[in-house]
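As a plain string of letters, each chain reads:
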Amino acid sequence: METESEPYVRLATLRQLHRVVAELNTARSLADTLQTVVDGIVVGLGYELACVNLVRPDGDLVVAAFAGDPAAEALITGRVGSRSSWERRLTMGENWDGLRFIPHTEGWILLEDDVPQWHTDGPDPRFEDEWHPEDRLYAPMYASGGELLGVISVDRPRNGRRPGAWGREALQMYAFQAAIAISNARLRANMQRALVRLEREQQALRASEESFRQAFEYAPSGMAIAEMGGDQHGRLLRTNDALCRLLGRPASVLRRYSFSDLVHPEDIGTLLRTSAEGGRAELRLGRRDGTYVWVSLRNSVVADAADGPRFLLTHVEDIEERKRHELQLAHRASHDSLTGLPNSAELRSRLAARLCRRPQSVRATAVEALDAAFEGRDGREGYDVRVGHDGYGVRAEAGAGGEHGFPSDGSDGHGGNGANGGHGGGGDPYEYAGVPSARTDGPYDHHVHMVAPATDVDDGTKGLAVLFCDLDGFKSINDRFGHHTGDAVLIEVARRLTTGVRDGDTVARLGGDEFVVLADGLGAADAADLAVRLRNAIIPPIRVDGRAVRVGASFGIGWASCGMSADEVLRSADQRMYIEKRSRSKTHRRAG
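Residues numbered from 1 in each chain as written. Predicted model: local features only at pLDDT ≥ 70, side-chain atom pairs only at ≥ 80, totals over all residues. Heavy atoms only, no water.

Enquirer: How do you make sense of the sheet that holds strand E17 (residues 514-522) when you look at a structure like this?
Expert: Working definition: the strands of a sheet are paired by backbone hydrogen bonds and lie parallel or antiparallel to each other. Here 4 strands make up an open sheet; going across it, the order is E16-E17-E15-E20 and the pairing antiparallel. Every other strand in the sheet has two partners, leaving strand E16 (506-511) and strand E20 (552-560) as the edge strands with one partner each. For this sheet the average axis-to-axis angle between neighbouring strands, irrespective of direction, equals 25°. Two strands pair when backbone bridges link them, and strand E15 (residues 463-472) and E17 are joined in this way by 7 bridges, in the antiparallel orientation. The partner of Gly 463 across the bridge, within E17, is Leu 522. Contacting E15, E16, E17 and E20, helix H15 (residues 483-500) crosses the sheet at an angle of about 5° to E17. Seen against the sheet, helix H16 (residues 524-538) touches E15, E17 and E20 and runs at an angle of roughly 155° to E20. (Pairing = 2+ DSSP bridges. Helix = DSSP H or I, 4+ residues; strand = E, 2+ residues; numbered from the N terminus. Axes fitted to C-alpha atoms, helices over the stretch in contact; angles between N-to-C directions. Contact = heavy atoms within 4.5 Å.)

Now the structure itself:
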């Protein structure tokens, strides 16, 4: 294109400029756009050489496209010039309304900097506006925000002259349009990369969802997804096959429930106390057949970063076998291995749970509550003087043994027959299991105090009766027929005692041939009648290996009352049993 300074421009030249500008927006990729920019300069603006120096992310400029000379293109394309060298060039020479022209008279100082350069040989100019081979003309390209995108460098105008006013304006307009085209190409490239990245992320998400689905559906243990928040909080949205098999319900039915609908009534508190995030609980869930299965629940929240928690993922593990084993171990620890009855420790635990340290008739003040730790001592070390609630004065010397089941060495006083312990215990006699220390008790306003009939005459008072049973004639059976027969007798006596009491009453074996029955809500006459019924249930012959043997039973009735310890209650009943045993002749005591 001619660059004369005259004010008239040929129509064909203007059409050519319009065409090359239009072609800038037809390129698809950034590389195509850059090449189109330099090709347009050579074809439409009348220069033999053109290149685009594009700003990199680090600020330096790289030769991104070159047109007009294949040798020069191969030599300098891809080479980098520092940002500082380019900023120096863009402040030198002459400012041509946005263009920067550096004549050869000034440009010699740039020969040694790091900007890639290509020079052609030629004669020196013969007139003032003739183009010199070492002249330099740059057209900076800026983004809409004023940021430098790159620099167009042109060389060797075809007419051999420096561009006039029209040529300068045409190059400036072209650089402006080129900046827009490069920005659009970059935007398209960024969008394409974003789309590719999004597609990859979606593929990864689909793969992750498929992996989760397979892990969820084919997990060997139960899995469930429940709703979080709103009116339907906790409702099951999805369950896997393992959970359906565990609960015996199809997935379509489980979607009607939440875990709170399926949990055992006794475990609803455990479920509600379980926190959502990382919560764990062991509880029972109902099966379709009405039974319950022990499970371990482990929760985790699947959250959306923008919208917050979305649903609750619950892992349900079948722990029925482990729980059964734990219950068996706990049962063995608290029950007699021979008869299956609660043992001495379990009996004391149940009894102590009903007692507190202060009698109901005593109304404590705050000061008295603090003094409770020091009450009941008469100043003599090792002694405790109290009045028993059965009307008998009890003076228990530390370390002294009773006559029935309370030896000083802690044994049960009987040999063989699966004895399960005695009444021995150490420490402060006022400190007993299941009961708070007097130093921390309050006035017990929240406690339902245990009361006992004041006399043997039934005055209408109901209390917790403690029936101490000692078998008569058992030792002779044990010695004569052996422990095998003795064990069979004890098992049968335990069965008869259990059959003769109400649901909720406790029958325990202390050890040897001693049993204790706890029966709540009885008056004095009711307790006496119960003792008679149980004695009559024990008397009938017991057949062991084709042989009939008989034992009798002596019962002593004590009463549990607040202010007493479990040992004191049992000792009181034991003493009454001993008195009752001595009141009958040996012939009457023996029943077989």
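Enquirer: What am I meant to see in the sheet that holds strand E7 (residues 148-157) here?
Expert: Strand order in this open sheet of 7 strands is E3-E2-E1-E7-E6-E5-E4, and the pairing throughout is antiparallel. Strands at the two margins of the open sheet, each flanked by one partner only, are strand E3 (80-81) and strand E4 (94-96). Here 6 bridges tie strand E6 (residues 136-142) to E7, and the two strands are oriented antiparallel to one another. By the bridge assignment for E7, Tyr 142 is matched with Leu 148. The strands touched by helix H2 (residues 30-44) within the sheet are strand E1 (47-55), strand E2 (61-67) and E7, with E1 carrying the most contacts at an inclination of about 150°.

Enquirer: Would you explain the packing of aromatic side chains in this entry?
Expert: Aromatic rings considered in pairs are described by the distance between their centres and by the relative angle of their planes. Counted according to the given criterion, the structure contains 4 aromatic pairs. Between Trp 96 and Phe 101, the aromatic rings sit 4.5 Å apart at their centres with planes inclined by 10°, giving stacked as the arrangement. Each member of the pair, Trp 96 as well as Phe 101, carries the same accessibility label: buried. Judged by centre distance (5.8 Å) and plane angle (35°), the ring pair of Phe 212 and Phe 216 falls under tilted. (Phe/Tyr/Trp six-rings, centres within 6.5 Å; stacked < 30°, edge-to-face > 60°. Buried < 20%, exposed > 50% of the residue type's maximum accessible area, 1.4 Å probe, protein only.)

Enquirer: Is there a simple way to explain H16 in this structure?
Expert: Given a rise of 1.5 Å per residue, 15 residues ought to cover 21 Å, and the 22 Å separating the end C-alpha atoms of H16 matches this to within 8%. Regarding H16, the residues found buried are Ala 524, Ala 527, Leu 530, Ala 531, Leu 534, Arg 535 and Ile 538. Looking down the long axis of H16, one finds its buried residues gathered within 135° of arc, a one-sided arrangement. Along its buried surface, H16 packs onto E15, H15, E17, E20 and helix H17 (566-583). (Expected span 1.5 Å × (residues − 1). Arc of directions from axis to C-beta.)

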